[in-house]
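Secondary and tertiary structure notes
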Amino acid sequence: MARPVVMIGAVMLGLALVLASRAGSLLSFQLTYGVLVGLAASSFFAPMIALTTGWFDTNRGLAVSLVSAGMGVAPMTISPFARWLISAYDWRTAMFDIGVMAWVLLIPVMFLVRQPPKPVTDAADPEPVAEGADMSVGQALRSPQFIILGLTFFACCAAHSGPIFHMVSYAMLCGVAPMAAVTIYSVEGLAGLGGRLLYGVLADRLGVKPVLVAGLAIQAVVIAAYLGVRQLEHFYMLAVIFGATYGGVMPLYAVLAREYFGQRILGTVFGAATMLSSLGMAFGPLAGGMVFDAYASYSWLFIGSAIIGLGAAGIAIAFPPLPRRELQPA
């Protein structure tokens, strides 16, 4: 059931932000913001994406991409609002107000969340069902399909997280003015919205696996291309491609998980895959900072990220064909 999980997450998110706004020490702030907010935020993505895949039998890639687009819209709306609150008041007031806003906006919306209806089998038109639908959670997490899914998701996020996190600093080192450098990140975010729609439609038309492999390969090439840019307009051009690509491929992992393992254990399977992707997201910025501290340059960050990105595409090629069987008529 997705509703209880996201309801708990909504309550916890508001509470964590309110408590963090009143933190009196670094440790208490780390516990409330770093731990509680992290736990609360993680309770939304996997359940809502899993729920979406259960509601749609056709155009599933597009549906998942549209839902995940909310992740791209939020930074463009809440971030400027938070910046205004901090400028007008202070960070504690901003965090407290956003925590209360989380309760006001999220809790009522949670009552609109509904479980998908159970599929009805038509003997004349039997529904294709994933072969892994009969697996237990343990069997699924040990299966080759999940291992490849998790490794690809990890490598994909490890590849793009470093360049995303350090992009503004890298642009400034290349001579781009600080305010202009910040806009590169905004361009990536806007492009990510379009990329989600584009890749979702392509996945429905061409298949999830080939679109994912192509997207991962494009991502790796674009990351490497950043080594040769110095002008702001060139950063913008690559930001459009980069943002559309990493934004577009992210929802496809949920669609693959649904195709391989069915709806029954999708929340657990996709949650586990998302955990691996979060480790990749944490690895990229950390590695980038260590590389810069050691060499006073981001070149090796982009080289390493491009190699990891190509590795992600290579792992994705190893995805086995989607195993399908048909429900037998009663």
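Please read all numbers here as calculations on a predicted model, not as lab measurements. (Residues numbered from 1 in each chain as written. Predicted model: local features only at pLDDT ≥ 70, side-chain atom pairs only at ≥ 80, totals over all residues. Heavy atoms only, no water.)

1. Regarding the overall build of the chain
Cut-off, in case you're wondering: Starting at the N terminus, helices and strands are each numbered in turn, a helix being any DSSP run of H or I of at least four residues and a strand any DSSP run of E of at least two. Here the globule rule is a power law, 2.2 Å times the number of residues to the power 0.38, and the radius of gyration is based on C-alpha atoms. Under the scheme applied here, a residue whose accessible area is under 20% of the maximum for its type counts as buried, over 50% as exposed, and between as partly exposed, the area being computed with a 1.4 Å probe on protein chains only. For every accessible area listed, the method is Shrake-Rupley and the probe measures 1.4 Å; residues are considered covered only by the protein chains on display. Only four residue types enter the tally: Lys and Arg on the positive side, Asp and Glu on the negative side; His and the chain ends are excluded. Where a charge sits is defined by one atom per residue type, namely NZ (Lys), CZ (Arg), CG (Asp) or CD (Glu).
Scanning the chain for helices and strands turns up twelve helices and two strands. Helices and strands in the chain line up, N terminus first, as α-α-α-α-β-α-α-α-α-α-α-α-α-β. Against the compact-globule benchmark of 20 Å for 330 residues, the chain has a radius of gyration of 21 Å, which places it among compact chains. Taking the principal axes of the C-alpha coordinates as reference, the chain spans close to 65 × 45 × 30 Å. Sorting the 330 residues of the chain into buried and exposed places 44% on the buried side. Carbon together with sulfur atoms contributes 72% to the accessible area of the chain, which is approximately 16200 Å² in total. Here the chain contributes 16 positive and 14 negative side-chain charges, whose respective centroids are spaced 6 Å apart.

2. Observations concerning the state of the cysteines
Our working definition: In what follows, a disulfide is any cysteine sulfur pair within 2.5 Å.
A complete count under the given rule lists zero disulfides for this structure. Summary of cysteine pairing: cysteine 157 is not part of a disulfide, and the nearest cysteine sulfur, belonging to cysteine 156, is at 5.0 Å. Classification of cysteine 157 by relative accessible area gives buried; the value is 0%.

3. Here's the deal with the packing of aromatic side chains
When we look at a pair of aromatic rings, we describe it by the centre distance and by the angle of the planes. Our working definition: Aromatic rings from Phe, Tyr and Trp, with only the six-membered ring used for Trp, were paired whenever their centres fell within 6.5 Å, and each pair was classed as stacked if the ring planes differed by under 30 degrees, edge-to-face if by over 60, and tilted otherwise.
Inspection of every chain in the model, using the stated rule, returns 16 aromatic pairs. Considering the side-chain rings of phenylalanine 153 and phenylalanine 270, the 6.3 Å spacing of their centres and the 20° angle between planes classify their relative orientation as stacked. Placement of the pair is phenylalanine 153 in helix 6 (residues 144-173) and phenylalanine 270 in helix 11 (residues 266-295), with a sequence separation of 117 residues. The burial state of phenylalanine 153 is the same as that of phenylalanine 270; both residues are buried. A centroid spacing of 6.3 Å and a plane angle of 85° characterise the contact between tyrosine 170 and tyrosine 298, whose relative ring orientation is edge-to-face. Highlighted residues: tyrosine 170 in helix 6 and tyrosine 298 in the loop between helix 11 and helix 12 (299-317), separated in sequence by 128 residues. The exposure class assigned to tyrosine 298 is buried, which follows from its relative accessible area of 7%. Linked through ring pairs, Tyr170, Tyr226, Phe235, Phe242, Tyr246, Phe292, Tyr298 and Phe302 together constitute an aromatic cluster.

4. Looking at the packing of helix 6 against helix 9 (residues 232-249)
Spelled out, the test is: Each axis is a line fitted through C-alpha atoms, taken for helices only over the stretch in contact, and angles between the N-to-C directions span 0 to 180 degrees. Roughly parallel here means an angle under 35 degrees, roughly antiparallel means over 145, roughly perpendicular means 65 to 115, and every remaining angle is called oblique. Should the near helix be turned anticlockwise from the far one by less than a right angle, the crossing is termed left-handed; should it be turned clockwise, right-handed. Between two residues, a contact is recorded if the distance between any of their heavy atoms is within 4.5 Å. Polar here means any residue other than Ala, Val, Leu, Ile, Met, Phe, Trp, Tyr, Cys and Pro, which are nonpolar, and Asp, Glu, Lys and Arg, which are charged; Gly is therefore polar.
Relative orientation of the contacting elements helix 6 and helix 9 amounts to 150°, with a least axis distance of 12 Å. Considering their axes alone, helix 6 and helix 9 lie roughly antiparallel with respect to each other. Taken as a pair, helix 6 and helix 9 cross one another with a handedness that is left-handed. Touching Cys156, His160, Pro163, Ile164, Met167, Tyr170 and Ala171 of helix 6 are Phe235, Phe242, Tyr246 and Val249, all from helix 9. Its residues assigned to classes, the contact of helix 6 with helix 9 comprises ten nonpolar, one polar and no charged.

5. Remarks on unusual backbone geometry
The phi dihedral of alanine 296 is positive, around 55°, even though this residue is not glycine. By the secondary structure assignment, alanine 296 is in the loop between helix 11 and helix 12. Under the relative-accessibility criterion, alanine 296 is labelled exposed at 60%.

6. Brief notes about helix 4 (residues 91-110)
Formally: Take the residue count of a helix, subtract one, and multiply by 1.5 Å to get its expected span. Here the arc refers to the set of directions running from the helix axis out to each C-beta atom. Polar contact is the term for a pair of N or O atoms within 3.5 Å; when the atoms are in protein, one must be able to donate a hydrogen and the other to accept it, and sequence-neighboring residues count only if both atoms are side-chain atoms.
When the terminal C-alpha atoms of helix 4 are compared, their 28 Å separation across 20 residues agrees well with the 28 Å that a helix rising 1.5 Å per residue should span. Among all positions of helix 4, only Ala94, Met95, Ile98, Gly99, Ala102 and Met110 are buried. Angular distribution of buried residues about the axis of helix 4 spans 130°; they occupy a single face of the element. Away from the buried face of helix 4 by more than 90 degrees, exposed residues Val104 and Leu105 are located. You can read the cap of helix 4 off the contacts: a side-chain oxygen lies 3.1 Å from the backbone nitrogen of arginine 92, and it is on aspartate 90.

7. Digging into the nonpolar core
In plain terms, the rule: Buried residues of nine kinds, namely Ala, Val, Leu, Ile, Met, Phe, Trp, Tyr and Cys, make up a nonpolar core once their side-chain atoms join them within 4.5 Å.
One finds Leu149, Leu212, Leu216, Tyr253, Phe270 and Phe319 to be the most contacted residues of the largest nonpolar core, which totals 40 residues. Among the elements that line this core, the one with the most residues is helix 10 (residues 252-261), at eight residues. The residues touching leucine 149, leaving out its near neighbours within four places in the chain, are Tyr253, Leu256, Ala257, Ala273 and Phe319. Ranked by size, the runner-up nonpolar core spans 23 residues in total, among them Ala171, Ala180, Ile223 and Leu238.

8. Some words on the confidence of the model for the chain
Heads up, the rule is: As a per-residue measure, pLDDT tells how confident the predictor is, with possible values from 0 to 100.
Summarising the model, the chain shows a mean pLDDT of 85, and 92% of its residues fall at 70 or more. Segment residues 122-127: pLDDT under 50, and eight contacts once partners within four positions in sequence are set aside and those in other chains are kept. Here residues 325-330 scores under 50 on pLDDT; set against residues more than four positions off or in separate chains, the count is 13 contacts.

9. Points about the environment of methionine 1
When you line up the elements, methionine 1 lands in the segment before helix 1 (2-21). In this structure the C-alpha to C-alpha distance between methionine 1 and leucine 51, which are 50 residues apart in sequence, comes to 8.7 Å.

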